[in-house]
Amino acid sequence: MAASTRIGFDYARTWLLVAAGRSNSAEKSGAATADVVVLDLEDAVPAELKDAARTSVARSLRSGTHAWVRINDADSPYWADDLAELGHLPGLEGVVLAKVEHGDQIDATAAALPAATPIVALLESAAGIEAAAAIAHRPATARLAFGSGDFRRDTGMSDAAEAMAYPRTRLTVASRAAGLPGPIDGPTVGEDEEKLRADTAAAAALGMTARICLRAGQVNVVNTALSPSPADIDWATGILRADADGATRDGSYRPQLARAQAVIERARIYSCFVPPW
């Protein structure tokens, strides 16, 4: 599977997890439309298959595949081997580090990778969420991501939007304070498309700008939901047109103008139609 990053990781909306060593037509389709493909060496691979899966990923990254890899957590017996075998291969675009709970885990991972390799910190526990600000400020941290399933298992919380509001908001605020892109939300489990849309809308309302996808069929739904809508673009172009015409301004002018500019920037990155103004 010739996986590749289609949009820079800082603007990537969809992070499609693909079990290492697996390749089928549905996953190839997802890889063609996902912003980022992540070959998964962690939860998707049982312990007895870790070595074989890592070797398979290494073979792919040496032979033309470009992808991110989710490696095992820094406290696991597999972390060092993941970095030793994969860290310097030409196709490695970045690393998703599982179960991050403190910044030293980011630093240790970065030390084993080529300089400037981006690391997405996947926060999956109460300890990780509470350390979000410190993790976000580590130099090698490229984005924060929410491991929502393991977080719920750790805390006993439900997947209701109100239950997930605190961890999502904490990641958004920590990301912004550290100058990082918006955080990546955890996945929707199951095949209910309405739930996928509702979960994505709830995450977006709290400032999250991407989601982990577990299946190729989720990619287009999430990409659409996290791109500026025609109504968003109409509003933004109206603000920019009024600004260009020297319209009367009030106290809300500067925040609205900044938001309009951001909407148009994202629309252009995602190839949405932007009318002239």
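Residues numbered from 1 in each chain as written. Predicted model: local features only at pLDDT ≥ 70, side-chain atom pairs only at ≥ 80, totals over all residues. Heavy atoms only, no water.

So, the environment of Ala 145
Argument step 1. Relative to the helices and strands, Ala 145 resides in strand β6 (residues 141-146).
Argument step 2. Classification of Ala 145 by relative accessible area gives buried; the value is 2%.
Argument step 3. In this structure, the C-alpha to C-alpha distance between Ala 145 and Ile 184, residues 39 residues apart in sequence, is 4.4 Å.
Argument step 4. Sequence-distant contacts of Ala 145, defined by excluding residues within four places in its chain, comprise Val 120, Ala 121, Leu 122, Leu 123, Leu 171 and Ile 184. (Helix = DSSP H or I, 4+ residues; strand = E, 2+ residues; numbered from the N terminus. Buried < 20%, exposed > 50% of the residue type's maximum accessible area, 1.4 Å probe, protein only. Contact = heavy atoms within 4.5 Å.)

A short note on the pattern of salt bridges
Argument step 1. Inspection of every chain in the model, using the stated rule, returns 18 salt bridges.
Argument step 2. Members of the salt-bridge network, linked through shared partners, are Asp 40, Glu 42, Asp 43, Arg 70, Lys 99, Glu 124, Asp 150 and Arg 153. (Salt bridge = Lys/Arg side-chain N within 4 Å of Asp/Glu carboxyl O.)

Quick look at the nonpolar core
Argument step 1. One finds Val 69, Leu 123 and Leu 144 to be the most contacted residues of the largest nonpolar core, which totals 50 residues.
Argument step 2. No other element matches the 4 residues that helix α2 (residues 50-62) contributes to this core.
Argument step 3. Contact partners of Leu 144, with chain neighbours within four places excluded, come to Ala 121, Leu 123, Ala 132, Ile 135, Ala 136, Leu 171, Ala 174, Ser 175, Leu 180, Pro 183 and Ile 184.
Argument step 4. Counting residues in hydrophobic clusters, the runner-up holds 14 residues, among them Ala 236, Leu 240, Leu 257 and Cys 272. (Core = buried A, V, L, I, M, F, W, Y, C linked by side-chain atoms within 4.5 Å.)

Some thoughts on the layout of surface pockets
Space left empty within the atom packing is revealed by a probe, the size of a water molecule, rolled over the atoms.
Argument step 1. Estimates place the volume of the largest pocket at around 530 Å³.
Argument step 2. Lining of the largest pocket is provided by 19 residues; of these, Thr 209, Leu 226, Ala 262, Val 263 and Arg 266 occupy positions nearest its centre.
Argument step 3. Tallying contributions element by element places helix α12 (residues 253-269) first for the lining of the largest pocket, with 5 residues.
Argument step 4. The residue makeup of the lining of the largest pocket, split by class, is 9 nonpolar, 5 polar and 5 charged. (1 Å grid on protein atoms, 1.4 Å probe; cavity = no way out; pocket = protein on both sides within 12 Å on 5 of 7 lines; lining within 4 Å. Points joined across faces, edges and corners; volume = space filled by probe spheres on them. Nonpolar A, V, L, I, M, F, W, Y, C, P; charged D, E, K, R; others polar.)

Observations regarding helix α3 (residues 79-86)
Argument step 1. Listed as buried for α3 are Trp 79, Asp 82, Leu 83 and Leu 86. In a view along the axis of α3, the buried residues occupy a sector of 90°, so they form one face of it.
Argument step 2. Contacts made by the buried residues of α3 are with α2, β3 (67-71), β4 (92-97) and α4 (103-111). (Arc of directions from axis to C-beta.)

Structural notes on empty space enclosed by the protein
Argument step 1. Applying the stated criterion across every chain, the model contains 1 cavity of 30 Å³ or more.
Argument step 2. Taken as a whole, the largest cavity holds about 80 Å³ of empty space.
Argument step 3. Around the largest cavity, the lining residues are Trp 15, Leu 17, Val 38, Arg 70, Val 96, Val 120, Leu 122, Ala 145, Ile 184 and Ile 212.
Argument step 4. Counting only elements with at least two residues in the lining of the largest cavity, the list comes to β1 (14-19) and β5 (119-123).
Argument step 5. Of the residues belonging to the lining of the largest cavity, the class tally is 9 nonpolar, no polar and 1 charged.

Some words on the pairing of β5
Argument step 1. Burial analysis of β5 places 5 of its 5 residues in the buried class, which makes it a mostly covered element.
Argument step 2. In this structure, β4 lies alongside β5, joined through 3 bridges in parallel fashion. Bridge pairing in β5 places Val 95 opposite Ile 119.
Argument step 3. Chirality of the crossover, the property in question, places the unit of β4, α4 and β5 among those that are right-handed.
Argument step 4. The pairing of β5 with β6 spans 5 bridges and is classified as parallel. Along β6, the bridge assignment pairs Ala 121 with Leu 144. (Pairing = 2+ DSSP bridges. Right-handed = clockwise from strand over helix to strand, strands pointing away.)

Observations regarding helix α11 (residues 230-244)
Argument step 1. For α11, which comprises 15 residues, the first-to-last C-alpha distance of 21 Å matches the rise-based estimate of 21 Å (1.5 Å per residue) to within 8%.
Argument step 2. All of the buried residues in α11 are Ile 233, Ala 236, Thr 237, Ile 239 and Leu 240. The buried residues of α11 occupy an angular sector of 155° when projected down its axis, which confines them to one face. The outward face of α11, more than 90 degrees from its buried face, is lined by the exposed residues Pro 230 and Ala 231.
Argument step 3. Buried residues belonging to α11 abut α12. (Expected span 1.5 Å × (residues − 1).)

Regarding the domain arrangement of the protein
Argument step 1. What the domain assignment reports for the protein is domain 1 (14-226) and domain 2 (230-270).
Argument step 2. Spacing between the C-alpha centres of domain 1 and domain 2 amounts to 32 Å. (Domains from an automatic or database assignment.)

Quick notes on the packing of α2 against α3
Argument step 1. Two elements in contact, α2 and α3, have axes separated by 10 Å at closest approach and are oriented at 20°. Between α2 and α3, the interaxial angle falls into the category roughly parallel. Where α2 crosses over α3, the two elements pack in a sense that is right-handed. Across the interface between the two elements, Arg 54, Thr 55, Val 57, Ala 58 and Leu 61 from α2 touch Asp 81, Asp 82, Glu 85 and Leu 86 from α3.
Argument step 2. By residue class, the composition of the contact of α2 with α3 is 4 nonpolar, 1 polar and 4 charged. (Axes fitted to C-alpha atoms, helices over the stretch in contact; angles between N-to-C directions. Parallel < 35°, antiparallel > 145°, perpendicular 65-115°, else oblique. Left-handed = near helix turned anticlockwise from the far one by under 90°.)

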